[in-house]
Amino acid sequence: MGKDVLTGVHFMSGNHACAEGAIAAGCRYYAGYPITPSNEIAERMSWRLPQVGGIYIQMEDEIASMAAIVGASWGGAKSMTATSGPGFSLMQENLGLAVMTEAPCVIVDVQRGAPSTGLPTLVAQADVMQARWGSHGDYATISISPSSPQECFDFMIKAFNLAETWRVPVVMLSDESIAHLSERVVIPEKKEIKTVFRKVATGPKEGFLPFKVGDDLVPEMPIAGSGYRVHVTGLTHDERGYPDLSHRMHEQLVPRLVNKIKQNAEKIIEYEEFMIDDAEVVLITFGVSTRICRAVVKRARMDGLKLGMLRLITVWPFPEKRVIELSNQVKALVTVEINLGQLALEVERVVKGRCETYLIPNAGGEVHDPEMVYARVKEIAQNS
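Residues numbered from 1 in each chain as written. Predicted model: local features only at pLDDT ≥ 70, side-chain atom pairs only at ≥ 80, totals over all residues. Heavy atoms only, no water.

Draft legend 1. Layout of the overall build of the protein chain. When helices and strands are tallied, the protein chain shows 14 helices and 15 strands. Here the protein chain has a C-alpha radius of gyration of 21 Å; the compact-globule value for 384 residues is 21 Å, and the two agree. For the C-alpha atoms alone, the extent of the protein chain along its principal axes is close to 70 × 50 × 40 Å. Looking at the 384 residues of the protein chain, the share that counts as buried comes to 55%. Here the analysis covers contacts within the protein chain between residues at least 6 apart in sequence; of these, 77% occur between residues at least 24 apart. In the structure as shown, the protein chain presents an accessible area of about 15,800 Å², 53% of it carried by carbon and sulfur atoms. (Helix = DSSP H or I, 4+ residues; strand = E, 2+ residues; numbered from the N terminus. Rg over C-alpha atoms; globule rule 2.2 N^0.38 Å. Buried < 20%, exposed > 50% of the residue type's maximum accessible area, 1.4 Å probe, protein only. Contact = heavy atoms within 4.5 Å. Areas by Shrake-Rupley, 256 points an atom, 1.4 Å probe, with all protein chains shown as cover.)

Draft legend 2. Layout of the pairing of strand β8 (residues 169–175). Most of β8 sits inside the fold, with seven of its seven residues counted as buried. Side chains P169, V171, L173 and D175 project from β8 onto one buried face, and the interleaved V170, M172 and S174 project onto a second face that is buried too. Taken together, the seven bridges between strand β5 (residues 105–113) and β8 define a ladder with parallel strand orientation. What sits directly across from V106, in β8, is V170. Sheet analysis places strand β7 (residues 142–144) next to β8, joined by three bridges and oriented parallel. Paired with I142 across the two strands is V170, which belongs to β8. (Pairing = 2+ DSSP bridges.)

Draft legend 3. Structural context of the sheet that holds strand β14 (residues 332–336). Strand order in the open sheet formed by five strands is β10-β12-β11-β14-β15, and the pairing between neighbours is mixed. Each edge of the open sheet carries a strand with a single partner, namely β10 (271–274) and β15 (356–360). Between one strand axis and the next, the sheet turns through 20 degrees on average, direction left out of account. Here six bridges tie strand β11 (residues 281–286) to strand β12 (residues 307–312), and the two strands are oriented parallel to one another. By the bridge assignment, V281 is partnered in β12 with L307. This element, helix α14 (residues 370–383), spans β11, β12, β14 and β15 of the sheet and lies at about 165 degrees to β15. (Axes fitted to C-alpha atoms, helices over the stretch in contact; angles between N-to-C directions.)

Draft legend 4. Just the side chain of S145, in detail. Along the chain, S145 turns up in the loop between β7 and α7 (149–166). There is a polar contact of 3.4 Å between the side chain of S145 and the backbone nitrogen of G287. Among residues more than four places away in sequence, those in contact with S145 are E151, F155, L173, F286, G287, R311, L312, I313 and V315. (Polar contact = N/O pair within 3.5 Å; in protein donor to acceptor, adjacent residues only side chain to side chain.)

Draft legend 5. A look at the packing of helix α12 (residues 320–327) against helix α13 (residues 343–351). Two elements in contact, α12 and α13, have axes separated by 9 Å at closest approach and are oriented at 65 degrees. Classified by the angle their axes make, α12 and α13 are roughly perpendicular. Once α12 is placed against α13, the crossing between them reads as right-handed. Of α13, the residues touching α12 (which contributes E320, V323, I324 and S327) are R349, V350 and V351. (Parallel < 35°, antiparallel > 145°, perpendicular 65-115°, else oblique. Left-handed = near helix turned anticlockwise from the far one by under 90°.)

Draft legend 6. Spotlight on the packing of helix α11 (residues 289–302) against α14. Contact geometry for α11 and α14: axes closest at 10 Å, N-to-C directions at 50 degrees. With respect to each other, α11 and α14 are oriented oblique. In the packing of α11 onto α14, the handedness of the crossing is right-handed. Taking contact as the criterion, the partners of I292, V296, R299 and A300 in α11 are, on α14, P370, E371, V373 and Y374. Looking at the contact of α11 with α14 residue by residue, the classes come out as six nonpolar, no polar and two charged. (Nonpolar A, V, L, I, M, F, W, Y, C, P; charged D, E, K, R; others polar.)

Draft legend 7. Local environment of the packing of aromatic side chains. Using the criterion set out here, one finds four aromatic pairs in the structure. Relative to Y228, the ring of F208 has its centre 4.6 Å away and its plane inclined at 55 degrees; by these criteria the two rings are tilted. Of the two residues, F208 sits in the loop between β9 (182–187) and α9 (247–262) while Y228 sits in the loop between β9 and α9, which places them 20 residues apart along the sequence. Y228 matches F208 in its accessibility class, with the two residues each being buried. Aromatic pair W316 and F318: ring centres 6.5 Å apart, planes at 50 degrees, arrangement tilted. Residue W316 is classed as buried on the basis of its relative accessible area of 4%. The aromatic ring of W133 is capped on one face by R132, whose charged end is 3.8 Å from the ring centroid. In this structure, R294 packs its charged tip against the face of F274, placed 5.6 Å from the ring centre. (Phe/Tyr/Trp six-rings, centres within 6.5 Å; stacked < 30°, edge-to-face > 60°. Lys NZ or Arg CZ within 6 Å of the ring centre and 35° of its normal.)

Draft legend 8. A look at helix α5 (residues 92–101). Counting buried positions along α5 gives eight out of ten residues, so the element sits mostly inside the fold. Residues of α5 that are buried: Q92, N94, L95, G96, A98, V99, M100 and T101. Buried residues along α5 sit in contact with α3 (62–74), α4 (85–90), β5, α6 (128–133), β8 and α9. Note on α5: the residue one or two positions beyond its end, E102, has a positive phi of about 55 degrees.

Draft legend 9. Summary view of unusual backbone geometry. Residue P37 is reached from T36 by a cis peptide bond, and omega for that bond is 10 degrees. The backbone of S116 sits at a positive phi, close to 50 degrees, despite the residue not being glycine. Looking at where S116 falls in the secondary structure, it is placed in the loop between β5 and β6 (119–123). On the accessibility criterion, S116 (60% relative accessible area) is exposed. The residue K352 is not glycine, and still its phi comes out positive at about 55 degrees.

Draft legend 10. Expanded view of the nonpolar core. Counting 51 residues, the largest nonpolar core has I41, M45, M80, V108, I142 and M156 as the members making the most contacts within it. The leading source of residues in this core is α7, at ten residues. Counting 44 residues, the second-largest nonpolar core is a separate cluster that includes A72, A103, V171 and I284. (Core = buried A, V, L, I, M, F, W, Y, C linked by side-chain atoms within 4.5 Å.)

Dropping the structure here:
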């Protein structure tokens, strides 16, 4: 058996760091279909998983890949896949199945230029809304976004812990630039890595109700083959897991699936603030755009402009409470993202006119030019 945690200092790409973070988190099942720019994750998992007793399967497509990791999750494995925008679209139906059956799993979406096959080898951040609303019906999941290879490693552990805690699919919203960026990655000792495993059913097997919940709205999960009788379906179901296609049961089940995330949002949400205490204008961003915005804030401060940055670590659920607080404190919020205004829509929805809101868009293919962002922000700051 090989090492599951490669403790030490490495020079590693974001995609390879994702794979090592997943293995360190306890992932032992990967099913996927090749797609640029996520391929290095599959490639590394195909090499590393057999070393640690795990299973790697290349599936016939992304639909099957998502179905396979849902099944593996119910079999007791921490499971994942990786893809990019077009493949993520194909996974959406079975992502909904994971939500409905409460199968914890992780999907890495390495964003590239879109729509359709778009720019397969170049960066974008245009899957923000797909990560939240891509599947059908009412549901809630979690999405987190790294801005460095180190965070690719760290956040994969975070993604698995969130998936296991809340029994939901978690989307790692990476992008082509972070995926292919190689930097210093420090992997700690195994004993220093905190990992979480789902609440496992341990009570009496007779009369067990696999979808009965407590105060946290998360049911215990039986391990397949451990003696519990379980029925799992994408249909609306009762506490036994049996189909119940009544309005009454739907009114119980679907709000619970949403509320276990919504009511625990403050426990889930993370963000980073940079020079924000006295800021009059704040940039809101995530992923690779964080790196551009941090440089812009530093330059602005040197020029006497009171600029700050709110960087979203958790993109979904959206940090509504903090954005509302900022909207009552600053003159303007400026969203910087490599799309034509997806996160900006959420900012505008939450701010409701309390302060001015602006968007610095980018259709994709390359990251923002810092000079362009600075010039636009300077104009906004001087006119707000």
